[in-house]
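Read off the chains here:
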Amino acid sequence: MQNRWTETEAISFANDPKGLRVYTSRLLGQEKDLVLQGGGNTSLKVDEMDGDGNRLTALFVKGSGWDLESIEEAGFASLQLDALLELARLEKLADSDMVQRQREAMLNSGDPNPSVEAVLHAIIPFRYVDHTHADAVLAIMNTENGKELIKEIYGDRILIIPYVMPGFKLARMVYEQTRNIDWNRYKGMMLMHHGVFTFSNDAHDSYSRMIEFAARAEAYLQDSGAEIRLAEPQSASPDSLESIRRSVSDIRERSITLNLDQSPDAVGFSNHPDLSQIATRGPLTPDHSIFAKRIPVILQEDFSESIESYSREYKAYFERNTNGDQARLDPAPRWAVWPGKGLLSFGSNQKEAKTIIDIARHTAKVIQLSEHLGGWRPLTEAEIFEVEYWELEQAKLKNR
Ligand SMILES: [Zn+2]
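These figures come from a predicted structure and were not determined experimentally. (Residues numbered from 1 in each chain as written. Predicted model: local features only at pLDDT ≥ 70, side-chain atom pairs only at ≥ 80, totals over all residues. Heavy atoms only, no water.)

Let's talk about the coordination of the zinc ion
The test is simple: Metal coordination here is assigned from N, O and S atoms located within 2.8 Å of the ion, or within 3.2 Å for Na, K and Ca; omission of water means that sites may look incomplete. When accessible area is computed with a 1.4 Å probe and restricted to protein chains, residues below 20% of their type maximum are described as buried, those above 50% as exposed, and intermediate ones as partly exposed.
The coordination sphere of the zinc ion contains the protein donors His 131 (NE2), His 133 (NE2) and His 194 (NE2), at a distance range of 2.1 to 2.2 Å. Given a relative accessible area of 0%, His 131 falls into the buried group.

Now the structure itself:
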């Protein structure tokens, strides 16, 4: 992992904290091993004037629906910091109410909706806060002894927060766990099964620490001999692809488009001797389930039977986990592992198919790395379901 900061570029933001925030956000976004598809978020605490000309501290935080890679100032929302801190002090708050209260705290009604992690950013008492879902760190966390390994690698100057559903519950847990700590003692925060936070009053510092943390995880994996399999693909016939496409379209009840990845690493994963075991344990981070569902379909010789069996299993998963209030999503797979051939994604358009193939590729890589550290241990089915059927995410999907 490379530190992309350059003084010559940064110098133009010397007196422009927001410009600098946009700059390092984009640097993070350029690194696909740190953030994928709208994942990750960043913020800045900055002095602003409210509508009556009073000075106050604002949280300038990434808006939802923006990708860090291409974010601009217009992609951030400015919120009253105090109003967010007030939310953190509530013992309970439904996520839909949190979103509403966040909107009420906005200084400019034209700004995008702030990230659902805004309250968490508010709690961290430093000007610059960076958050990513770094692949290498997740490869270490998502294992049997993930917590011990994280401690071993990063030492005691790291806060470790156990997994809890993102949104208000997570903000509240961080609030409770850090109420009496001296933040200056800590260099970063690890959220188990979720990602990494770094923070500093200096933009360069916070960014560089994120890169350093990811690089340290990468080095640890390398030293442990963790590697991914590479293989050459067998050819995929147009007839087979069309038949797969039709089967998925039938189940999804709409015409879908395919994206086939036959890169050596995609094929290497598809040939893995333990494929049926390791590919069906769960996703990299719970939010991936919103785009890509919990697990892929593994294609056997009879494509349509594989896809139908996936859809039966998806319906059973819904029944096992629903509280009775949710409406089931369509049971069609979003991606497939095709042994010997590679990875396939299914989207209602090319953009969706592209998003999903990116997620699939990173998932396949991280699973293999974790297997070297004693075994891939993602979140449980129930924990994934909670996020896949999160009211806020359902609303987001409808707007896509
Ligand atoms: Zn996150």
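Section: the sheet that holds strand E2 (residues 55-62)
Selection criterion: Pairs of strands are assigned from DSSP output, requiring at least two bridges between the strands. Starting at the N terminus, helices and strands are each numbered in turn, a helix being any DSSP run of H or I of at least four residues and a strand any DSSP run of E of at least two. Angles run from 0 to 180 degrees between N-to-C directions of axes, and those axes are lines fitted to C-alpha atoms, restricted for helices to the stretch in contact. When checking whether two residues touch, look at their non-hydrogen atoms; a contact exists if any pair is within 4.5 Å.
The strand order across the open sheet formed by seven strands is E3-E2-E1-E4-E7-E6-E5, and the pairing between neighbours is mixed. Looking at strand neighbours, the two that pair on one side only are strand E3 (76-80) and strand E5 (158-161), the edges of this open sheet. With strand direction ignored, the average angle separating the axes of adjacent strands in the sheet is 20 degrees. Relative to E2, strand E1 (residues 41-49) is paired through seven bridges, and the arrangement is antiparallel. Counted as the bridge partner of Asp 47 is Thr 57 from E2. Strands E5 and strand E6 (188-191) of the sheet are contacted by helix H8 (residues 168-178), whose axis makes an angle of about 130 degrees with E5. Against the sheet, helix H9 (residues 203-223) makes contact with strand E4 (128-132), E5, E6 and strand E7 (195-200), and its axis sits at roughly 150 degrees relative to E7, the strand it touches most.

Details of the pattern of salt bridges
Condition: Throughout this description, the term salt bridge denotes a Lys or Arg side-chain nitrogen within 4 Å of a carboxyl oxygen of Asp or Glu.
Using the criterion set out here, one finds 26 salt bridges in the structure. A salt bridge links Glu 48 to Lys 18, with the nearest nitrogen and oxygen atoms 2.7 Å apart. Taken together, the residues Glu 48 in strand E1 and Lys 18 in helix H2 (residues 17-29) connect sequence positions 30 residues apart. In this structure, Asp 135 and Lys 365 form a salt bridge, with 3.0 Å as the shortest nitrogen-oxygen distance. A residue pair is termed long-range when its members are at least 10 positions apart, and Asp 135 in helix H6 (residues 135-141) and Lys 365 in helix H15 (residues 350-372) qualify at 230 residues. Both residues of the pair, Asp 135 and Lys 365, belong to the buried class.

A word on the environment of Leu 28
Counting through the fold element by element, Leu 28 comes out in helix H2. Residue Leu 28 is classed as buried on the basis of its relative accessible area, which comes to 0%. Along the backbone, Leu 28 and Asn 3 are 25 residues apart, and their C-alpha atoms lie at a distance of 9.3 Å.

A word on the sheet that holds strand E8 (residues 257-261)
As a general point, the strands of a sheet are linked pairwise by backbone hydrogen bonds and lie either parallel or antiparallel. The four strands are arranged E8-E11-E10-E9 in an open sheet whose pairing can be described as mixed. With partners counted over all chains shown, the strands left at the sheet margins are E8 and strand E9 (297-298), one partner each. The pairing of E9 with strand E10 (residues 335-338) spans two bridges and is classified as parallel. Across the sheet, residue Val 297 finds its bridge partner in E10, namely Ala 336. Together, E8, E10 and strand E11 (342-347) form the strand contacts of H15, whose direction differs from that of E11 by roughly 145 degrees.

A few points about the pairing of E6
As a reminder of what qualifies: Note on handedness: a crossover is taken as right-handed if, strands pointing away from the viewer, the path from the first strand over the helix to the second is clockwise.
The two faces of E6 match: Gly 188 and Met 190 on one face and Met 189 and Leu 191 on the other face are all buried. Judged from the four bridges that link them, E5 and E6 form a sheet pairing that is parallel. Looking at the pairing, Ile 158 lines up with Gly 188 of E6. Tracing the backbone out of E5, into H8 and back to the parallel element E6 gives a crossover that is right-handed. With four bridges connecting them, E6 and E7 associate as antiparallel partners. Counted as the bridge partner of Met 190 is Val 196 from E7. Hairpin connection, E6 to E7: the antiparallel pair is bridged by three residues, and His 193 has positive phi, about 60 degrees.

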